[in-house]
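# Observations on the model geometry
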Amino acid sequence: MVNRSKSPIVPDHLFASPSRVRRLLDEIHEVEGEVRTLYLRPGSPVPQVGKLGALPVDRSAPTHWIREALNTFPDSETGAAVFWSDRRVWAVIPPFPVEETQSIDGFDASNLEELYERDVTVGVVLLRMGRYAIGVVRGDKLLASKTDTRHVKNRHRAGGSSQRRFMRSRDRLIRELYDEACSVTRRVFEPHLDTIDGVLTGGERQTINGFLKRCDFLEKSGLPVMKRLLAVERPSHKALENIHREVWKSRVLVFSRLD
């Protein structure tokens with residue numbers, strides 16, 4: 001959160017469903033005064049404020065707001081859509097990539113609307129210690145899934161040789177969990193490899209990172225694994241049935257004047 005005493009803007013942050021983003025776009029469209037638009041593809045260099053034809057150049061315009069908004073997601077793997085007026089900046093980091101960098105002298109939400117209409121299929125790996133849920137999701141439909149549990153010992157507080165034996169045993173159980181989850185991932189994903197657009201993971205970040213390092217199937221498959229981590233408390237079939245809601249969420253930042 002920006003310090004109110006030092007900055008003329010305060011960003012509000014939320015994760016929003018497509019329907020919530022559409023309502024936001026309707027609200028932006030109704031804003032008094034001119035609203036301008038910028039789309040950025042992932043990997044595009046963040047433009048210098050003032051060098052885009054659509055950016056305002058007079059001193060009263062919120063160029064410093066736009067700069068701050070752009071600098072909040074320089075490494076976004078899906079790019080961004082940015083809209084601004086003389087009093088507010090809205091930045092939407094969508095769930096899937098913006099296809100073209102565009103600067104538009106006016107309000108234009110068509111590229112973002114098109115993105116939400118895409119027919120996207122994703123592979124999903126939800127993993128926490130002792131439990132996994134693997135699925136393939138197209139839109140809001142779960143096409144394939146497999147869930148299971150596998151015992152992994154809790155951390156051991158004792159010291160000495162007892163702790164070392166415990167840790168060796170726990171590390172072995174973790175490797176076995178990763179290997180089993182990787183094998184299941186292959187079996188669930190392989191019938192859909194030609195249609196899967198990317199892979200999303202959910203659960204504990206450290207556990208997911210360990211799994212990705214261990215599971216060579218994902219690397220060999222060539223499927224892009226997105227950095228975004230889906231929010232899930234307990235990997236299960238029910239979690240997979242509802243995971244499309246997390247898959248399609250966008251990150252939204254709104255910068256507003258304090259005065």
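This text follows the structure it describes.
From N to C terminus, the protein chain includes eight helices and eleven strands. The burial tally for the protein chain puts 46% of its 259 residues in the buried class. Nonlocal contacts in the protein chain, meaning residues at least 24 apart in sequence, comprise 70% of its contacts between residues at least 6 apart.

Here we come to the pattern of salt bridges. Throughout the structure, instances matching the rule amount to eleven salt bridges. Residues Asp105 and Arg36 are paired through a salt bridge, measuring 3.4 Å at the closest nitrogen-oxygen approach. Taken together, the residues Asp105 in the loop between strand S5 (102-104) and helix H3 (110-116) and Arg36 in strand S2 (residues 36-40) connect sequence positions 69 residues apart. A residue is classified by how much of its surface remains accessible, and Asp105, at 54% relative accessible area, is exposed. The partner of Glu246 in a salt bridge is Lys249, with the nearest N and O atoms 3.0 Å apart. Via salt bridges that share partners, Arg22, Glu113 and Glu117 belong to a single interconnected network.

Moving on to the state of the cysteines. Evaluation of the coordinates by the stated rule reveals one disulfide. Two residues, Cys182 and Cys215, share a disulfide whose sulfurs are 2.1 Å apart. With the S-S dihedral at roughly 70 degrees, the linkage between Cys182 and Cys215 falls on the right-handed side. Taken together, the positions of Cys182 in helix H4 (residues 160-189) and Cys215 in the loop between helix H5 (205-214) and helix H6 (216-221) put the pair 33 residues apart, joining distant regions of the chain. Neither residue differs from the other here; Cys182 and Cys215 are each classed as buried.

Quick look at the sheet that holds strand S10 (residues 225-230) now. A sheet is described by the order of its strands in space; here five strands give the open sequence S8-S7-S6-S9-S10, paired in mixed fashion. Each edge of the sheet is formed by a strand with only one pairing partner; in this case those strands are strand S8 (141-149) and S10. Sheet twist, expressed as the average angle between the axes of neighbouring strands with direction ignored, equals 20 degrees. Bridge count between strand S9 (residues 198-203) and S10: three bridges; the pairing is parallel. Paired with Gly202 across the bridge in S10 is Leu230. Contacts from H5 reach strand S6 (121-128), S9 and S10 within the one sheet, and its direction differs from that of S6 by about 115 degrees.

Our next topic: helix H1 (residues 18-29). Over its twelve residues, H1 runs 16 Å from end to end, which matches the ideal 16 Å to within 8%, given 1.5 Å per residue. By the burial criterion, the buried members of H1 are Pro18, Val21, Leu24, Leu25 and Ile28. An end-on view of H1 places all buried positions within 115 degrees of arc, on one side of the element.

The next point concerns the nonpolar core. Core analysis: the biggest nonpolar cluster contains 35 residues, and Phe83, Leu112 and Leu126 have the highest contact counts within it. Considering every element that reaches this core, the biggest residue donor is H1, with four residues. Those residues in contact with Leu112 that sit more than four places away from it in its chain are Val21, Leu25, Tyr39, Ala81, Phe83, Val92 and Pro94. Core analysis: the next-biggest nonpolar cluster, separate from the first, contains 22 residues, Ile134, Tyr178, Ala181 and Leu218 among them.

Turning our eyes to something else, we now look at the packing of aromatic side chains. Evaluated as defined, the whole model comprises four aromatic pairs. Taken together, a centroid distance of 5.4 Å and an interplanar angle of 50 degrees make the contact between Phe83 and Phe107 tilted. Of this pair, Phe83 sits in strand S3 (residues 80-84) while Phe107 sits in the loop between S5 and H3, and the two are 24 residues apart along the sequence. A residue is classified by how much of its surface remains accessible, and Phe83, at 0% relative accessible area, is buried. Judged by centre distance (6.4 Å) and plane angle (65 degrees), the ring pair of Tyr178 and Phe211 falls under edge-to-face. Linking Tyr178 in helix H4 with Phe211 in helix H5, this pair joins segments that are 33 residues apart in sequence. The burial state of Tyr178 is the same as that of Phe211; both residues are buried. Each residue in the set Tyr39, Phe83 and Phe107 is aromatic and connected to the rest through ring pairs, giving one cluster.

So, how was this worked out
- Residues numbered from 1 in each chain as written.
- Predicted model: local features only at pLDDT ≥ 70, side-chain atom pairs only at ≥ 80, totals over all residues.
- Heavy atoms only, no water.
- Helix = DSSP H or I, 4+ residues; strand = E, 2+ residues; numbered from the N terminus.
- Buried < 20%, exposed > 50% of the residue type's maximum accessible area, 1.4 Å probe, protein only.
- Contact = heavy atoms within 4.5 Å.
- Salt bridge = Lys/Arg side-chain N within 4 Å of Asp/Glu carboxyl O.
- Disulfide = S-S within 2.5 Å.
- Pairing = 2+ DSSP bridges.
- Axes fitted to C-alpha atoms, helices over the stretch in contact; angles between N-to-C directions.
- Expected span 1.5 Å × (residues − 1).
- Arc of directions from axis to C-beta.
- Core = buried A, V, L, I, M, F, W, Y, C linked by side-chain atoms within 4.5 Å.
- Phe/Tyr/Trp six-rings, centres within 6.5 Å; stacked < 30°, edge-to-face > 60°.

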